[in-house]
Amino acid sequence: MQNKILELKSAFAAALAEASGAAALENLRVEYLGKKGHIASLMSELRFAEDKKAAGQLINDFKTEVTEAIERAVEELRAAAIAEKVRSAKKYNPTLKMHEELGSYHPITLATREVEDIFISMGFTIENYDEIVDDYKCFEALNIPKHHPARDMQDTYYLDNGQLLKTHTSAAQNYIMKKYGAPLRAIFPGRCFRNESTDACHENTFFQMEGMMIDENISISNLIYFMKTMLSEVFQRDVKVRLRPGFFPFVEPGFELDINCEICGGEGCPSCKNSGWLELCPCGMIHPNVLREGGIDTEKYSGFAFGLGLTRLAMMKYGVKDIRDFNSGSLKALSQFKSI
Ligand code: DAH
């Protein structure tokens, strides 16, 4: 019996060395450990053995040996398969060309940054402000009490909690004055909303950039100087502008600053409502009520404010004929700004 076991042992070792692949190993397992395998038949022969105990021990040891050897071989096979997978996997190749379709900045972003840079160079700080504000900030603090007719021009979207989407960047004036006090120079660009029907030059969502300068002895001359400097920097040439009186409850006196329509050259087109002029930057001397509401000493300080139409500026600067293109998400329209 012992000889037979020894013979089987060496036969198994030889067969294991030969076995390549999972199927061969499984066959070997069945051949030795299966119901009708060598180990099972050794067990059934055990009762004829002379030294049952020692032979039984040998068979058990052999069984363990075979089981472990096959398990080891299967495990090695699996590890080799994983290593092969890793080896043959596609490698990152740093010399391959990158995807070239990069995005681009939105024209409003480009215009905003350009104007910001100009005002930074003139000593202004840039402020961010909320898009959702309360009635006080948007209207009352700006000398527009409830039921004032000026509110008719600025219908907007109201939230259930009484707050609203700001109709103009002027809504941040009160906050800025309370934050910095006087003297101050600040610009605050932002998205504005109006509940109105859209056409080539009106959108329900658009961008403005508000600016304020408060100091001792600020006059209309300062206002005109800053507006002219800003516009000639933006357009990199002298642009035709006109200043005419305009009414806004938060400034006194108030002006409309129009620029010659860059799209039609002043001839008249849908973008300028056929007038040849575009209202670009209403402005004025800040009303004392507004200054006082912001905690500014009106005996000592005065200031000017302006509300630059950033969306309109981008239209003029880049020759965009229809304001609705800005919010359309059209890649065809936006991709033209890639190289800028
Ligand atoms: N907030 C006004 C609007 O959107 C524009 C405006 C007018 C802003 C005069 C100003 C200003 O700062 O002085 O209609």
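Report on the accompanying structure. Along each chain, numbering runs from 1 in the same order as the chain's sequence is written. At least 70 in pLDDT is required for a residue's local features to be given in this predicted model, at least 80 for side-chain atom pairs to be given and counted, and no such filter applies to totals for whole chains, interfaces and linings, which use all residues. Excluded from the side-chain calculation are hydrogens and water; included are all heavy atoms of the structure.

1. Here we look at the layout of surface pockets
Residues are said to line a cavity or pocket when one of their atoms sits within 4 Å of a point; the points come from a 1 Å grid over protein atoms alone, cavities being sets where a 1.4 Å probe fits but cannot get out and pockets being open sets with protein on both sides within 12 Å along at least five of seven lines. Grid points are joined across faces, edges and corners, and a volume is the space filled by probe spheres set on the points. A volume near 990 Å³ is recorded for the largest pocket. Considering the residues around the largest pocket, the lining is formed by 43 residues, among which R194, F248, E279, P282 and R312 are closest to the centre. Only DSSP runs of H or I reaching four residues or more are called helices, and only runs of E reaching two or more are called strands; each is numbered from the N terminus. Put simply, the parts of the chain that give the lining of the largest pocket at least two residues each are strand 5 (205-215), strand 6 (241-245), strand 7 (251-260), strand 8 (277-279), strand 9 (283-286), strand 10 (302-309) and helix 10 (310-318). Partitioned by chemical class, the residues of the lining of the largest pocket number 20 nonpolar, twelve polar and eleven charged. Under the convention adopted here, Pro, Cys and the residues Ala, Val, Leu, Ile, Met, Phe, Trp and Tyr are nonpolar, Asp, Glu, Lys and Arg are charged, and Gly plus all remaining residues are polar.

2. Observations regarding the site of the ligand
Residues in close proximity to the ligand total 16 residues, the closest being H168, S170, R194, Q208 and E210. At 2.9 Å from an oxygen atom of the ligand is found a side-chain nitrogen or oxygen belonging to R194. To measure how exposed things are, a 1.4 Å probe is used in the Shrake-Rupley method; for residues, cover is taken only from the protein chains shown. Surface burial for the ligand is 95%, taken as the share of its 360 Å² of free accessible area covered by protein chains. Those molecules having more than half of their atoms within 2 Å of a cavity or pocket grid point set are described as sitting in that cavity or pocket. Judged by the fraction of its atoms near the pocket grid, the ligand is located in the largest pocket. Ranked by residue count, the leading element in the shell around the ligand is strand 10, at three residues. In terms of residue class, the shell around the ligand is made up of seven nonpolar, seven polar and two charged. One heavy atom within 4 Å of a molecule or strand makes the whole residue count as near it. In protein, a polar contact requires one atom able to donate a hydrogen and another able to accept it; more generally it is a pair of N or O atoms within 3.5 Å, and residues adjacent in sequence count only if both atoms are side-chain atoms.

3. Digging into unusual backbone geometry
A cis geometry characterises the amide bond from A182 onward to P183, with omega recorded as -5 degrees. Counting through the fold element by element, P183 comes out in the loop between helix 7 (173-180) and strand 4 (184-193). The omega angle of the peptide bond from E252 to P253 is 0 degrees, so this bond is cis rather than trans. Checked against the element boundaries, P253 lands in strand 7. Phi is positive for H147, which is not a glycine, with a value near 70 degrees. Structurally, H147 is set in the loop between helix 6 (135-138) and strand 3 (164-165). Its identity is not glycine, yet N274 carries a phi of approximately 60 degrees, on the positive side. Checked against the element boundaries, N274 lands in the loop between strand 7 and strand 8.

In short, the description is geometric, and any link to function would need to be established separately.
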